[in-house]
Amino acid sequence: MKTFAYLLIFFVSLNTVFAQDSLQLNTVAFPTNLNIHIEHVYDNRETKELGEVERIAGEKSQLYLSGGVEQAIQEFMDVSLPKSDTSTPVFINVKHLEVQLAQTGVEELTARVYIRLIFFVKHNAQEIQLLEIGHYEDQLFSFSNTSTLHQTHEQRIRAALEYCVVSLMKEPSIQNTLHELNTIERDAPIVNHKITLLEQKPILTKWFNLLTFKKSYSQYYEGWEISYTGFADSDKDFIIPFEFSYGQSKTKSGLVKKEGYSSIDTYVFGAGANGYIKLTPGVYVDLGVSVPIGVEILRDLNNKQSENFLIGIGASQGIKIIPWKDFGLVFGASVFEQVQSSKVFKKDIGFEFEIGVNF
Amino acid sequence: MKLLVFTRLLLLTITPHSYDIQHLLLNKWKLEEYQIDGEYFPPSKKEKSDFIHFHENMSFTSLSESKQEQGSYLINVNGEYIEMTSETGEKLKAYIVSISSEMLVLQFDFEEVKGLRAYYKATFNR
C-alpha cells in the first residue's frame, strides 16, 4: 500500500514538472478604424508560463505560447493592424497573460484568460501611455461538454487581445492623441492622458467536493447523516454551499418511557440553509439554520395513539477543517439548538462530529 | 414551424467570417424561440414582442419582457461574441452561434440558465 502511495506521488510530481503544452496563436483578422501598427511587443510578465491547467483528469500541463508571447502577439496584431506609410507606430507592454481553469459549479467549469497590456507611443524620446487595460475572457463549460475546452484557450487569448485593441478604438482621447502625433511638430509636447481600464474580478477559486459522515448527540436524540457538499471557495464572501444529505435519528432509549409513552415516531422534512465564512485557508466557520416540519406520532403506555403537528426552528454553529485542499480528510464539529412544537421534547440542544474526504 | 426547422438546418452550414458578421448584424432581430438543453420553447406572452436592434453607430435598442433598453455594443470576431453595454453600464455577453441575413442565433450564460440559445428572425430584408 505504501509503495503504491509513493508511486502515485512520483507520477503526480512527474506530470506537474514535465508536462508542457504549447499553444499556437492563430491570426484571425478583426475590423478596426485605427491607422496604427504595432512596432514592438515587450514581454514584461513576472511569470513566463501562461498557467497550469488540467487537460485530462489528473494530468496537469504548463501552457506556453508557441514562438513566445512577443512574437505571437506581434504576428496576431500585424494581420489586423498592418504597417503602412501613414500608420502610427504603437508599442505594447505585456504585464500579464494568464490562462486559468477551475470548477466553479456543481457541473460547471470556467475557463479564463486574464490579460493586462499597456499601449504606448514614443514622442521626443518619451513614452506616452495611451491605455493600460486589464481584461478577462471567461467561458463556461459543462462537465458533459469539455472535449473542445483545451483548444479554446487559444481562442480566448485572441479574443482578449482583440478586446484590448477595440477598447483603444472606443476612447476618444486616444484617437485625439494619435491624431495629434501625426499633426503636431516634432518637438512640441503632447498631453499624456494615461487612461486606465482595469476590470476587477476575483481569482477563479477552488471548488471543493466533500463527502462526509456526521454523528450527532443531543439531549433527546442520537443520529447520523451522510452528506455531499460542494462549494466554490471564497476569501471574502459568505459561501453558500450546494448540499444534499440523508440521515436518521432516534430517541435515546429510556427517555420515551420516562415521559409516559411507549413509543414516539417523528417524520420530518427539513428545509434549511448553510453558509461558511473562511477564517484562514482550510478553516471555515459553519453556520446553519433549519425549519423542520412534520408529524409526531405518540403511543402512550395504554397503547393509545395520538398525532401532533410538528414545526420547529433550529440553528447550528460549528467549524470545518479542510487541511489538504486538493485531496484529503475533512473534519468538523458543531453545536446545534432547536425549539419545536413537540408534546414531549420542546427544546433540544446537542453537538455533531463530522469526518469525511474532500476530492 | 416547418420553415423554422428548415432554417435551423440551413444555419448549421453557414459560418460567416470576420467582417461579414458586422454587416449581417445590422438589423432588427425579432425573438422567435429559445433552446435550452436541446429543447425548443416559444417565447412567453411577455416576450412575444422581444427584439434587439443593432445600429450602424454601434448602439443598440432592445425590448425584453416589455422592458426597453439601449446602449452600445461591440463585436469580438475572435471570441465570436457580442458584448452589449446598457446605459447603466451593465454588460451582457452573447455568443454568436450562427448568423445569416435571415436568422441570428445567440447563446447566453445567465446565472439561472446556462447555455440558453435564442433564435431571432431578421425584420428587414437586406
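A brief look at the structure comes next. Just so it is clear, the structure is predicted and the values come from calculations on it, not from any experiment.

At the junction of the two partners, chain A supplies 18 residues and chain B supplies 17 residues. When the two sides are added together, the surface that chain A and chain B hide from each other amounts to roughly 1,500 Å², 46% of it contributed by carbon and sulfur. In terms of surface lost to chain B, no three residues of chain A exceed Pro-31, Glu-162 and Tyr-163 of chain A, which account for 32% of the buried area on that side. If you look at where chain A meets chain B, you find 2 salt bridges. One salt bridge in this structure joins Glu-137 of chain A and Lys-93 of chain B, with 3.1 Å as the shortest N-O distance. At the level of secondary structure, the elements contributing two or more residues to the side of chain A that touches chain B comprise β7 (126–142) and α3 (149–170) of chain A. The biggest single contributor to the side of chain A that touches chain B is α3 of chain A, with 7 residues.

All names here are of chain A. The sheet built from 5 strands is open, its strands ordered β2-β5-β6-β7-β8 with mixed pairing. Either end of the sheet is taken by a strand with one partner, and the two such strands are β2 (36–43) and β8 (195–198). The mean inter-strand angle of the sheet, taken between neighbouring strand axes irrespective of direction, is 25°. Sheet topology places β7 next to β8; 4 bridges connect them, and they run parallel. Within β8, the position partnered with Leu-131 by the bridge is Ile-195. On the sheet, helix α2 (residues 69–80) packs against β2 and β5 (88–105) and is oriented at approximately 170° with respect to β2.

With 22 residues, α3 of chain A ought to run about 32 Å at 1.5 Å a step, and its terminal C-alpha atoms sit 31 Å apart, in line with that. In terms of residue burial, α3 of chain A counts as a mostly covered element, since 20 of its 22 residues are buried.

This next bit is on the pattern of salt bridges. Using the criterion set out here, one finds 13 salt bridges over all chains in the structure. The closest approach of N and O atoms between Glu-83 of chain B and Lys-91 of chain B, which form a salt bridge, is 4.0 Å. Several salt bridges share partner residues, and in doing so they unite Asp-43, Arg-45 and Lys-48 of chain A into one network.

Conventions used here
Residues numbered from 1 in each chain as written. Chains lettered and ligands numbered in written order. Predicted model: local features only at pLDDT ≥ 70, side-chain atom pairs only at ≥ 80, totals over all residues. Heavy atoms only, no water. Contact = heavy atoms within 4.5 Å. Buried area = accessible area lost by both parts, 1.4 Å probe. Salt bridge = Lys/Arg side-chain N within 4 Å of Asp/Glu carboxyl O. Helix = DSSP H or I, 4+ residues; strand = E, 2+ residues; numbered from the N terminus. Pairing = 2+ DSSP bridges. Axes fitted to C-alpha atoms, helices over the stretch in contact; angles between N-to-C directions. Expected span 1.5 Å × (residues − 1). Buried < 20%, exposed > 50% of the residue type's maximum accessible area, 1.4 Å probe, protein only.

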